Amino acid sequence: MYDTIIIGAGPAGLSAAIYTCRKKLKTLLISVDVGGQGNLTAHIENYPGALPQSGVELMDKFRQQAESFGAEFSFGKVKEIKKENNLFNVLVANGENYVAKTIILTYGKVARTLGLDNEEALFGRGVSTCATCDGPLYKDKIVAIVGGGNSALDAAEELSAYAKKVYLVHRRKEFRADEITIDKVKVNPKVELILDSIPVKIIADKFVTGTIIENVLTKEKKELPIDGLFLEIGYIVDSSMVKNLVKINEYNEVVTDAICRTSVPGVFAAGDMTSMPYKQAIIAAGEGAKAALSAYSYLTGNKTSTDWH
Ligand SMILES: Cc1cc2nc3c(=O)[nH]c(=O)nc-3n(C[C@H](O)[C@H](O)[C@H](O)COP(=O)(O)OP(=O)(O)OC[C@H]3O[C@@H](n4cnc5c(N)ncnc54)[C@H](O)[C@@H]3O)c2cc1C
């Protein structure tokens, strides 16, 4: 029997574990891996207090810190969480199951990709799914962004501050973004729109050097020399494990309040899989700390911060 089980060991889950363990809560983290998306960035430059280093190095420090306070780990994919007699039963795909008084959900998200042959191998070598994170690495370079929603258009604006040229490749003619954002991008002299088109190949030696774009209407292909390919085609949050337990929004994110409570007492959530905006490591870590303190308040009957107002 655990005081709390944390699902996921990315920045949110590991931070939550540091806080629950320091409150002497018996804590188990169940996760597919340690580090989550934090492992996917070659250089994290915007995590305060941590001088630029690889995501893997930073996540390993999170793990060591959580372990040093007594966090236990179990590896596996959680399939379902059920509430039974005011306790939570966590079912793992490998057949194990665990019981806890509280749950902290931190299972993150996965970026949608194009499914091209060498795409996965080129992550961190020119292919990116995070303009905010990797944009500064492309100063005076040429980049292409794929997508036609708000995140793609925002990325075009953001990247044009660094890159000397930005191609925005979209499979349709019309964008699905706010008019004001579309208007800004259309008049940005650094941005060139390539519409009705999709990338069908990434050209690379060790790093990305170009992409082949196909017009979906004419099937005509052309090569764009680029240094970076940013995929801004959305992300997938898989909330199937809690679909019958907590309130989920239209993006499959678990709905949380300001102190990381979900619709079910005793279940808390933090990081990229919640309805909170701004998906970044520092934010996930901060939310993880909040979720842990809320779980502690729930277990001890202490007042939560919102009760003080
Ligand atoms: C390429 C890239 C570069 C980035 N660069 C930066 C950067 O420079 N700075 C920055 O601040 N942010 C960056 N980010 C964003 C940052 O990594 C995320 O915001 C952060 O990792 C979110 O943390 P999280 O703990 O909420 O989720 P995640 O990091 O997604 O972790 C989720 C965890 O849950 C586990 N999990 C998922 N499903 C299950 C399941 N069913 N059962 C058990 N475990 C499960 C996963 O294995 C993982 O351990 C970047 C993201 C990407 C993709």
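Bear in mind that the values here come from a model prediction, so they are computed numbers and not experimental data.

**With respect to helix α1 (residues 11–22)**
Next up, step 1: Taking 1.5 Å of rise per residue, the twelve residues of α1 would be expected to cover 16 Å, and the 17 Å separating its terminal C-alpha atoms lies within 8% of that figure.
Next up, step 2: Of all twelve residues that make up α1, ten are buried, and the element is covered over most of its length.
Next up, step 3: The set of residues buried in α1 consists of Pro-11, Ala-12, Gly-13, Leu-14, Ser-15, Ala-16, Ala-17, Ile-18, Thr-20 and Cys-21.
Next up, step 4: Buried residues in α1 make contact with β1 (2–7), β2 (27–31), α2 (55–68), β3 (72–75), β6 (97–105) and α6 (281–300).
Next up, step 5: Where α1 ends, the next residue or the one after it, Lys-24, has phi of about 65°, a positive value.

**Details of the sheet that holds strand β11 (residues 191–194)**
Next up, step 1: With respect to topology, five strands assemble into an open sheet ordered β8-β15-β9-β10-β11, the strand pairing being parallel. With one partner strand each, in any of the chains shown, β8 (127–128) and β11 form the two edges of the open sheet.
Next up, step 2: Examined bridge by bridge, strand β9 (residues 142–146) and strand β15 (residues 228–231) share four bridges and lie parallel to one another. Along β15, the bridge assignment pairs Val-143 with Gly-228.

**Points about the nonpolar core**
Next up, step 1: Counting 26 residues, the largest nonpolar core has Leu-29, Tyr-47, Leu-58, Phe-62 and Ile-104 as its most contacted members.
Next up, step 2: Among the elements that line this core, the one with the most residues is α1, at six residues.

**Description of α2**
Next up, step 1: For α2, built from 14 residues, the straight-helix expectation of 20 Å at 1.5 Å per residue is met to within 8% by its first-to-last C-alpha distance of 20 Å.
Next up, step 2: Looking at the buried side of α2, the elements it contacts are α1 and α6.
Next up, step 3: Phi for Gly-70, located one or two positions after α2, is positive at around 105°.

**Side note on the environment of Asp-257**
Next up, step 1: Summarising the element assignment, Asp-257 is placed in the loop between β16 (235–236) and β17 (267–269).
Next up, step 2: For Asp-257, a relative accessible area of 26% gives the class partly exposed.
Next up, step 3: A sequence separation of 254 residues divides Asp-257 from Asp-3, and the C-alpha atoms of the two residues are 22 Å apart.
Next up, step 4: A distance of 3.0 Å separates a polar side-chain atom of Asp-257 from the backbone nitrogen of Ile-259.

**Thoughts on the domain arrangement of the protein**
Next up, step 1: Along its sequence, the protein is carved into domain 1 (2–109 + 237–308) and domain 2 (120–231).
Next up, step 2: The C-alpha centroid of domain 2 is placed 33 Å from the C-alpha centroid of domain 1.

**Comments concerning the pairing of strand β10 (residues 165–169)**
Next up, step 1: Of all five residues that make up β10, four are buried, and the element is covered over most of its length.
Next up, step 2: By the bridge criterion, five bridges tie β9 to β10 in an arrangement that is parallel. Along β10, the bridge assignment pairs Ile-145 with Leu-168.
Next up, step 3: Handedness of the crossover joining β9 and β10 through helix α4 (residues 150–160) is recorded here as right-handed.
Next up, step 4: Relative to β11, β10 runs parallel, the two being bridged by four bridges.

**Brief notes about empty space enclosed by the protein**
Next up, step 1: In total, this model carries one cavity of 30 Å³ or more according to the counting rule given.
Next up, step 2: Roughly 50 Å³ of volume is contained in the largest cavity.
Next up, step 3: Every residue lining the largest cavity is listed: Gly-271, Asp-272, Thr-274, Met-276, Pro-277, Tyr-278, Lys-279, Gln-280, Ile-283, Ala-284 and Glu-287.

**Focus on the pattern of salt bridges**
Next up, step 1: Tallying each qualifying case throughout the model produces 13 salt bridges.
Next up, step 2: Between Lys-165 and Glu-192 there is a salt bridge whose closest N-O contact spans 2.8 Å. Taken together, the residues Lys-165 in strand β10 and Glu-192 in strand β11 connect sequence positions 27 residues apart.
Next up, step 3: Taking the relative accessible area as the measure of exposure, Glu-192 reaches 32% and is therefore partly exposed.
Next up, step 4: Residues Asp-257 and Arg-261 are paired through a salt bridge, measuring 2.8 Å at the closest nitrogen-oxygen approach.
Next up, step 5: Via salt bridges that share partners, Asp-60, Arg-63 and Glu-67 belong to a single interconnected network.

Here is what the cut-offs are and how they apply
Residues numbered from 1 in each chain as written. Predicted model: local features only at pLDDT ≥ 70, side-chain atom pairs only at ≥ 80, totals over all residues. Heavy atoms only, no water. Helix = DSSP H or I, 4+ residues; strand = E, 2+ residues; numbered from the N terminus. Expected span 1.5 Å × (residues − 1). Buried < 20%, exposed > 50% of the residue type's maximum accessible area, 1.4 Å probe, protein only. Contact = heavy atoms within 4.5 Å. Pairing = 2+ DSSP bridges. Core = buried A, V, L, I, M, F, W, Y, C linked by side-chain atoms within 4.5 Å. Polar contact = N/O pair within 3.5 Å; in protein donor to acceptor, adjacent residues only side chain to side chain. Domains from an automatic or database assignment. Right-handed = clockwise from strand over helix to strand, strands pointing away. 1 Å grid on protein atoms, 1.4 Å probe; cavity = no way out; pocket = protein on both sides within 12 Å on 5 of 7 lines; lining within 4 Å. Points joined across faces, edges and corners; volume = space filled by probe spheres on them. Salt bridge = Lys/Arg side-chain N within 4 Å of Asp/Glu carboxyl O.

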